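Each chain, letter by letter, is given below.
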Amino acid sequence: MLTASHLGFRYAGNPVLHDVNLRAEPASMLAVTGPNGSGKSTLLHLLAGVEQPAEGTVRRDPGVRVALLPQRTADIDALPLTVAECVRIGRFHPGRWPRRADRNAVTEIMERLEIAHLARRRLRELSGGQRQRTLIAQTFVQEAAVYLLDEPTAALDTDSRRRVHELLTERVRSGAALIVASHDDEETSLADARHHLEQRGPVR
Ligand SMILES: Nc1ncnc2c1ncn2[C@@H]1O[C@H](COP(=O)(O)OP(=O)(O)OP(=O)(O)O)[C@@H](O)[C@H]1O
Ligand SMILES: [Mg+2]
């Protein structure tokens, strides 16, 4: 579905990733682990195609949809989006109007993540965890084959974390490939496999 071969990346000459090889397997969750600064977010950006690798390739099979939940999303607070609008964006398809199935999917995911009562609030008026649940809803409302999730539950309370973990497990059961960057042992224990990134020093 999505295969990374010999991936390398550097920021202004500083190496971050070197010779990373992995594959998003259907019906499977891969945990990406490693210390702060080891390149987990960078790797997810390369897999999603929002950054281009310096070395190696990312191959996405034709027709495979990829959904990305980024770690840093503060910029979107500048937009006057409500919670409901933010989730609906996940069902946007160029050239077609929303259908009943789209509206139902939005309602269902908002109820599951307990943000339905916040539907008309602006993103910048939410707590950190409420905001994160909104972005998780926008990601999971998409019908993707591959979900790339960057520390999805880092800001969440125990109950919300459990709900998200249930969602992860369900998506795997229904055939999706999940790649999840995480520092949380409970979360990484849900994974079928793990890819650990080492800290890399700057080039001298
Ligand atoms: N835009 C950027 N410009 C320059 N260096 C960057 C940039 N983004 C990240 N880096 C550097 O690249 C390295 C990898 O960063 P990255 O965000 O991928 O790490 P991470 O494993 O996701 O860390 P964390 O656990 O803190 O989320 C770090 O050393 C970071 O300082
Ligand atoms: Mg990160």
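Residues numbered from 1 in each chain as written. Chains lettered and ligands numbered in written order. Predicted model: local features only at pLDDT ≥ 70, side-chain atom pairs only at ≥ 80, totals over all residues. Heavy atoms only, no water.

Describing the packing of helix α4 (residues 128-140) against helix α5 (residues 158-173)
Line of reasoning, step 1. For the pair α4 and α5, the least separation of the axes is 12 Å and the interaxial angle reads 10°. If you check the angle between α4 and α5, you find them roughly parallel. Every residue of α5 that contacts α4 at Arg-133, Ile-136 and Phe-140 is listed here: Ser-160, Val-164, Leu-167, Leu-168 and Arg-171.
Line of reasoning, step 2. Residues of the contact of α4 with α5, tallied by class, amount to five nonpolar, one polar and two charged. (Axes fitted to C-alpha atoms, helices over the stretch in contact; angles between N-to-C directions. Helix = DSSP H or I, 4+ residues; strand = E, 2+ residues; numbered from the N terminus. Parallel < 35°, antiparallel > 145°, perpendicular 65-115°, else oblique. Contact = heavy atoms within 4.5 Å. Nonpolar A, V, L, I, M, F, W, Y, C, P; charged D, E, K, R; others polar.)

A short note on the nonpolar core
Line of reasoning, step 1. The biggest cluster of nonpolar side chains holds 36 residues, and the ones touching the most others in it are Ile-109 and Met-110.
Line of reasoning, step 2. Among the secondary structure elements, those contributing two or more residues to this core are β3 (28-33), β5 (66-69), α2 (83-89), α3 (100-112), α4, β6 (146-150), α5 and β7 (177-181).
Line of reasoning, step 3. Once you skip the residues sitting within four places of it in the chain, Met-110 turns out to touch Val-83, Ala-84, Val-87, Ile-115, Ala-116 and Ala-119.
Line of reasoning, step 4. Core analysis: the second largest hydrophobic core is formed by 23 residues, Leu-2, Phe-9, Val-146 and Ile-179 among them. (Core = buried A, V, L, I, M, F, W, Y, C linked by side-chain atoms within 4.5 Å. Buried < 20%, exposed > 50% of the residue type's maximum accessible area, 1.4 Å probe, protein only.)

Focus on the site of ligand 1
Line of reasoning, step 1. Taken together, the neighbourhood of ligand 1 is formed by 13 residues, with Gly-37, Lys-40, Ser-41, Thr-42 and Gln-71 sitting nearest.
Line of reasoning, step 2. Gly-37 places a polar main-chain atom, nitrogen or oxygen, 2.9 Å from an oxygen atom of ligand 1.
Line of reasoning, step 3. A distance of 2.9 Å separates an oxygen atom of ligand 1 from a polar atom in the side chain of Gln-71.
Line of reasoning, step 4. Burial of ligand 1 by the protein chains amounts to 57% of its free accessible area of 640 Å². (Near = heavy atom within 4 Å. Polar contact = N/O pair within 3.5 Å; in protein donor to acceptor, adjacent residues only side chain to side chain. Areas by Shrake-Rupley, 256 points an atom, 1.4 Å probe, with all protein chains shown as cover.)

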